[in-house]
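What follows is the residue order along each chain.
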Amino acid sequence: MQSIGKNLQKVINTTNVSQSDTIEVSKKDEVYLKVTCESSVAQELCDYFTFTVPGYTFMPSYRMKLWDGKIRLFNIYNRVLYGGLLEYIYRFAEHRNYKVIPDGDWWKPRKIERDESFIENLKLPFVPRDYQLDAFYHALSYRKTLLVSPTASGKSLIIYLIVRALNVKTLIIVPTTSLVSQMFGDFREYGWDVNNHCHQVYAGRDKVSDKQVIISTWQSIYKLSKKTFEPYKLVIGDEAHGFKSKSLTTLMTKCTNAEYRIGTTGTLDGTQTHKLVLEGLFGKICKVTTTKKLIDRKQLTPFSVKILILKYPEEVCYQLRKSKYVDELEYLVTHEKRNKYISNLVLSMKTNTLLLFRLVKKQGRVLYDMIKEEADVSNRTTFFVYGGTDTVTREQIREIAEQEKDAIIVASYGVFSTGINIRNLHNIIFASPSKSRIRNLQSIGRGLRLSENKEETILYDITDDLCWRNRKNYAYQHFEERIKIYDEEKFPYKIYNVSLKV
C-alpha cells in the first residue's frame with residue numbers, strides 16, 4: 001500500500017512536461033475523483049479504464065445490441081473516476097510522461113498508532129489474532145480499502161473493531177438475510193449491547209433507524225433515496241465480491257459522505273474488471289492472510305479434497321457429445337443413478353455433512369427426499385435449505401447443526417456458499433458442476449472453522465466425465481478449473497474414478 005505514495009511522488013517529480021500533459025486530480029466527494037486534463041488525455045484515460053466484461057456475449061443487453069460488452073470506469077463527459085482507483089492514474093501517467101497534480105494531501109494515509117488499551121477495554125471473549133489487528137489498523141490508516149481474507153479467518157471481528165474504534169454512523173451491507181442475523185449475533189458474542197446500538201434490516205423491517213449501526217441486505221435498501229445515506233460516515237461491504245452488480249454499485253455511490261469505505265471478502269473472481277470495480281468502490285486491495293497459512297498455524301481445520309470422477313458408458317458420451325450446457329446439466333441433475341450414488345455417499349458418512357446443489361426442484365428436492373427416507377430409519381437429523389427458507393429457520397438449522405454429530409444438510413449453493421458459519425462441519429459434497437472461483441472457495445470455507453469435535457474437513461468433489469475423444473464436456477471443463485483453484489490454494493487432493501452404469 002505504500003506504493004501509492006511512492007508512485008505519486010515519482011509522477012509529481014516528473015519534469016519537462018507541457019501544460020497539455022498535465023493531469024489535475026481533486027476529490028469530488030467520498031465516491032469520485034475529479035480529473036482535469038486535455039481532451040486527448042481524457043480519451044486516453046477512457047481507453048485505459050475500459051474493459052471487456054467476461055461472458056458478455058451471453059448477456060441479454062449485448063444480444064439485444066443495447067450494449068457493446070464493455071465497462072468504462074472513467075466518464076469522459078464529466079471526467080470522474082471511482083476514488084479507489086487513484087494509484088492507477090499514477091501508473092497511467094508514469095508510462096506516458098504525464099505530470100499528475102493532486103489537489104491537497106487527501107490521498108495520504110494516516111499512520112494510526114496501535115492502542116492496546118482500546119482492545120483491552122472492549123473486553124472481548126478472546127484475544128484477536130495478529131493478522132486481524134493488522135487489518136484493523138490498516139483500515140483505520142487508509143480509510144478506504146478492500147480486505148481480502150479467507151473464509152473462517154474472522155472477518156466479522158475485524159469489522160467489529162473498526163465499528164467500535166470509529167464510533168460513527170455506520171452502514172454494514174451483507175448479501176443475505178442470514179448474514180444480517182449472523183453479524184448481529186457475532187457483535188453480541190463479542191460483548192456489545194447490540195439491542196441499543198444495532199438495527200437489523202431485511203424484508204418487513206424499518207429501513208432507517210437512529211441507532212449507530214445499521215446492518216442490512218443490499219436488496220432491502222438500494223432503492224432508497226440518496227438523502228437516506230447522507231448520515232453514514234462509515235460503510236462496510238461484507239462479502240464484497242458480490243458488489244459488482246449495478247444495484248450494489250448504485251447503492252455504494254449514494255454514500256457520498258462515507259469517509260471510511262471498507263470492503264471485506266474471502267476471494268475475488270480473478271478478473272481484472274471485478275478487481276478494479278471493487279477497488280474503485282472501496283479502495284486498494286490488502287491481502288490479510290491465506291487459508292494455507294491459517295491451516296499451518298492450526299487456526300483452521302486441516303483440509304483435503306477427494307475428487308470422484310463419475311465415468312459414463314461410451315454410448316452415452318457419444319450421444320451427448322454435441323449437447324449444450326443446459327442440456328448436459330439437465331441430464332446430470334436428473335440422472336437417477338447419479339443421484340442414488342450421491343445419496344448413498346451422504347448416508348455413508350457418520351459425521352455432519354453438507355451437500356450443496358444448484359437446482360432446487362430438479363435436483364435439491366429429489367436428493368433431499370431420497371436421503372431423508374433412509375436417514376429417518378436411523379434417526380439422523382436432516383435439513384433442507386434453499387432460497388425459500390426464511391431467515392429464522394436458517395439460523396435455527398445452523399444452531400441445531402452445531403450440536404449434532406451426524407446431521408445432514410442439503411442446501412443450495414446460493415444460500416450456504418456465502419457466510420453461513422457451522423463450526424461442527426466435517427464433510428462437504430459438491431453435487432453440481434461449477435467453475436466459479438468465488439462460489440467454490442466460499443463453499444469450502446463452510447467447513448474450515450475449528451471445532452473440538454473434528455480433526456479434518458473433507459471435500460468430496462463430484463465430477464462427471466462425458467468426454468468423447470478430444471471433446472471435453474462442460475462439467476469436466478469446470479472440474480479442470482476447480483483443479484487450478486486447489487493447486488493455487490495448495491489444497492491436497494486425490495482423484496478416484498468411479499464407473500457409473502446407466
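Check the entry above for the structure.
Residues numbered from 1 in each chain as written. Predicted model: local features only at pLDDT ≥ 70, side-chain atom pairs only at ≥ 80, totals over all residues. Heavy atoms only, no water.

K.L.:
Quick question: what am I supposed to make of the pattern of salt bridges here?
P.N.:
For side chains bearing opposite charge, pairing can occur when the charged atoms are close. Applying the stated criterion across every chain yields a total of 24 salt bridges. Close ionic contact of K372 with D376 constitutes a salt bridge, the shortest N to O distance being 3.2 Å. Taken together, the positions of K372 and D376, both in helix α17 (residues 360-377) and 4 residues apart, correspond to about one turn of that helix. The partner of R437 in a salt bridge is E489, and the shortest N-O contact between them spans 3.3 Å. Of the two residues, R437 sits in helix α20 (residues 437-445) while E489 sits in the loop between α21 (474-488) and β21 (493-499), which places them 52 residues apart along the sequence. (Salt bridge = Lys/Arg side-chain N within 4 Å of Asp/Glu carboxyl O. Helix = DSSP H or I, 4+ residues; strand = E, 2+ residues; numbered from the N terminus.)

K.L.:
What exactly am I supposed to notice about the sheet that holds strand β12 (residues 234-238) here?
P.N.:
Across a sheet, paired strands are connected by hydrogen bonds in the backbone, their directions being either parallel or antiparallel. Across the sheet, which stays open at both edges, the 7 strands sit in the order β10-β11-β9-β12-β13-β8-β14 with parallel pairing between neighbours. Every interior strand has two partners, whereas the edge strands, β10 (198-201) and β14 (284-287), have only one. Recorded for the sheet is a direction-independent mean angle of 20 degrees between the axes of neighbouring strands. Bridge analysis of β12 against strand β13 (residues 260-265) gives 5 bridges, and the strand direction is parallel. Bridged to V235 within β13 is R261. Against the sheet, helix α6 (residues 130-142) engages β8 (144-148), β13 and β14, with an angle of about 160 degrees to β8. (Pairing = 2+ DSSP bridges. Axes fitted to C-alpha atoms, helices over the stretch in contact; angles between N-to-C directions. Contact = heavy atoms within 4.5 Å.)

K.L.:
Any chance you could explain the packing of aromatic side chains here in plain terms?
P.N.:
A ring pair, where both rings are aromatic, is described by two values, the distance of the centres and the angle of the planes. Tallied over the full model, the rule gives 24 aromatic pairs. Taking the centre distance of 4.8 Å and the plane angle of 90 degrees together, the rings of Y56 and Y62 count as edge-to-face. For Y62, a relative accessible area of 29% gives the class partly exposed. Here the aromatic cluster, defined as three or more aromatic residues joined through ring pairs, consists of F126, Y160, F187, Y190 and W192. Across from the ring centre of Y88, 4.5 Å away, lies the NZ or CZ of R91, which sits over that ring. Over the ring of Y318 we find R321; its NZ or CZ atom is 3.8 Å from the centre of that ring. (Phe/Tyr/Trp six-rings, centres within 6.5 Å; stacked < 30°, edge-to-face > 60°. Buried < 20%, exposed > 50% of the residue type's maximum accessible area, 1.4 Å probe, protein only. Lys NZ or Arg CZ within 6 Å of the ring centre and 35° of its normal.)

K.L.:
Where do I start with the packing of helix α2 (residues 39-48) against helix α4 (residues 86-94) in this structure?
P.N.:
When two helices pack together, their arrangement is given by the angle between the helix axes and the distance between those axes. Packing of α2 against α4 leaves a shortest axis separation of 11 Å and a crossing angle of 120 degrees. α4 is crossed by α2, and the crossing has right-handed handedness. Along the contact surface, α2 presents V41, E44, L45 and Y48, while α4 presents Y88, R91 and F92. Grouping the amino acids of the contact of α2 with α4 by side-chain chemistry returns 5 nonpolar, no polar and 2 charged. (Left-handed = near helix turned anticlockwise from the far one by under 90°. Nonpolar A, V, L, I, M, F, W, Y, C, P; charged D, E, K, R; others polar.)

K.L.:
I'm lost on unusual backbone geometry in this one. Help?
P.N.:
The bulk of non-glycine residues show a negative phi, and the bulk of peptide bonds are trans. Notably, E239 is not glycine yet its phi reads approximately 55 degrees, a positive angle. Tracing the chain through its elements places E239 in the loop between β12 and α11 (246-254). The residue R469 is not glycine, and still its phi comes out positive at about 55 degrees. Its location among the elements puts R469 in the loop between β20 (457-465) and α21.

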